[in-house]
Amino acid sequence: MAEISTPPSGDKRGEVGERLWAGSMTAITLLLVGVVVYTSAHWGFHPPSQVETIDSTSLHEGGEFSEANLGTVIAPDGSAVVRVVAQQYAFVPDCLVVPAGKPVTIRLASADVVHGFLVQGTNVNAMVVPGYVTTVHTMFKDPGERLMPCHEFCGVGHQAMWARVRVVEPSSFPSDANNKQKAVSCAP
Ligand SMILES: [Cu+2]
């Protein structure tokens, strides 16, 4: 009968090797966890939306993301808040109008699955997870039009899901935006 290879009794080399490996793996794991904890605390990492929750199944029934609130509203200080719903397979509204050179806050909620959005040529890039509000603060320097595609695969119509961001001079901003009752967009 073949002997299973075990260290001869009294030979501790195998056991020492095992302990060495187990010890170094534990040390590496602890080091990596330490690096994650340190960098998170040092750089103040947090989810982009500060974990603001919302009931994704009832967005259309009222509240912040009801139809009348979707689009851009200008605050008295000239800054803009844009509210957008992401759903299979469109952004509502699908054309956002924002003032150039003013602080812009974009708030998105998903009505169904995970979506994502980015604005071409800027660092605006975030995911839109159902149940949470995604908030992005930015500023668009120059007037012009930019594409805003969905970048998270969200189903068979994903490739057709994109919006435009039209950056205009604050002076030529639709005047309705100053009326807080009505959000504006450039969607047809
Ligand atoms: Cu999508």
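Preceding this section is the structure that the text describes.
First, a word on what this report is: a plain description of the structure on this page.

Each value, and the rule that gives it
The residue numbering used here restarts from 1 in each chain and proceeds along that chain's sequence as written. Reporting in this predicted model follows two pLDDT cut-offs: at least 70 for local features of residues, and 80 or more for side-chain atom pairs to be given and counted; totals over whole chains, interfaces and linings ignore these cut-offs and use all residues. Based on all heavy atoms of the structure, the side-chain values leave hydrogens and waters out of the count. Only one rule defines a salt bridge in this text: a Lys or Arg side-chain nitrogen within 4 Å of an Asp or Glu carboxyl oxygen. The buried label goes to any residue with under 20% of its type's maximum accessible area, the exposed label to any with over 50%, and the partly exposed label to all in between, with areas taken from a 1.4 Å probe on protein chains only. A helix here means a DSSP run of H or I that spans at least four residues, while a strand means a run of E at least two residues long, and both kinds are numbered starting from the N terminus. Being paired, for any two strands, means DSSP has found at least two bridges between them. When checking whether two residues touch, look at their non-hydrogen atoms; a contact exists if any pair is within 4.5 Å. Buried residues of nine kinds, namely Ala, Val, Leu, Ile, Met, Phe, Trp, Tyr and Cys, make up a nonpolar core once their side-chain atoms join them within 4.5 Å. Any nitrogen, oxygen or sulfur atom within 2.8 Å of a metal ion counts as a donor, with the limit raised to 3.2 Å for Na, K and Ca, and since water is left out, coordination shells can look unfinished. By the criteria applied here, four donors are tetrahedral when all angles lie between 85 and 135 degrees, four are square planar and six octahedral when opposite donors are over 155 degrees apart and every other angle lies between 65 and 115, and any other arrangement is irregular. An axis is simply a line fitted to the C-alpha atoms; with a helix, the fit covers only the stretch in contact. Between two such axes, the angle follows the N-to-C directions and lies from 0 to 180 degrees.

### Quick notes on the pattern of salt bridges
Under the defined criterion, the tally for this structure stands at seven salt bridges. As a salt-bridge pair, Lys12 and Glu15 come within 3.8 Å of each other at their nearest N and O atoms. Assessed through its relative accessible area of 53%, Lys12 is described here as exposed. Here Arg19 makes a salt bridge to Glu15, at a shortest N to O gap of 3.2 Å. Of this pair, Arg19 and Glu15 both sit in helix 1 (residues 13-43), four residues apart, which is roughly one turn of that helix. Three or more residues are tied together by salt bridges with common partners; here these are Glu52, Glu64, Arg83 and Arg107.

### A closer look at the pairing of strand 8 (residues 125-128)
The alternating pattern of strand 8 places Ala126 and Val128 on a buried face, while none of Asn125 and Met127, on the opposite face, is buried. Relative to strand 8, strand 7 (residues 115-118) runs antiparallel, the two sharing four bridges. Pairing of Phe117 across the sheet is with Ala126, part of strand 8. Connecting strand 7 to the antiparallel partner strand 8 that follows it, the hairpin turn spans six residues, and Gly121 within it adopts a positive phi of roughly 80 degrees.

### A few points about the side chain of Thr138
Summarising the element assignment, Thr138 is placed in strand 9 (residues 132-139). Relative accessible area serves as the criterion here: at 13%, Thr138 is assigned to the buried category. Setting aside its immediate chain neighbours within four residues, Thr138 contacts Lys102, Pro103, Val104, Ile106, Asn123 and Val124.

### A word on the nonpolar core
Formed by 32 residues in total, the largest nonpolar core has its most connected members in Phe91, Phe117, Met148 and Val165. Of all elements in the fold, only strand 3 (80-87), strand 5 (95-99), strand 6 (103-110), strand 8 and strand 11 (162-168) reach the threshold of two or more residues within this core. What Met148 contacts, discounting residues up to four positions off in sequence, is Phe91, Leu96, Phe117, Leu118, Val119, Trp162, Ala163, Arg164 and Val165. One finds Phe65, Val85, Ala109 and Val133 within the second-largest nonpolar core, a separate group that totals six residues.

### A closer look at the environment of Phe65
Residue placement: Phe65 occurs in the loop between strand 1 (52-53) and strand 2 (71-74). The buried category is assigned to Phe65, whose relative accessible area is 3%. In contact with Phe65, other than residues within four places in its own chain, are Ile54, Leu59, Leu70, Arg83, Val84, Val85, Arg107, Leu108, Ala109 and Val133.

### A few points about the coordination of the copper ion
Octahedral metals with six donors have ideal donor angles of 90 or 180 degrees. Tetrahedral metals with four donors have an ideal donor angle of 109.5 degrees. Note on the copper ion: its protein donors are His115 (ND1), Cys150 (SG), Cys154 (SG) and Met161 (SD). The metal-donor distances range over 2.1 to 2.4 Å. Coordination geometry of the copper ion: the four donor atoms subtend angles of 94 to 122 degrees at the metal centre, consistent with an arrangement described as tetrahedral. Between the donor residues of the copper ion, the gaps in sequence give the motif H-x34-C-x3-C-x6-M. Taken together, the residues span a long stretch of sequence, with His115 in strand 7 and Cys154 in the loop between strand 10 (144-149) and strand 11 at a distance of 39 residues. Exposure remark for Cys154: the relative accessible area of 7% places this residue in the buried category.

### Focus on the sheet that holds strand 10
As summarised here, the arrangement of the three strands in space is 5-11-10, forming an open sheet in which the pairing is mixed. Single-partner strands in this sheet number two, and they are strand 5 and strand 10. Neighbour-to-neighbour, the strand axes of the sheet open up by a mean angle of 25 degrees, direction not taken into account. For strand 10 and strand 11, the ladder comprises six bridges, and the chain directions are antiparallel. Residue pairing across strands places Gly144 opposite Val167, the latter belonging to strand 11.

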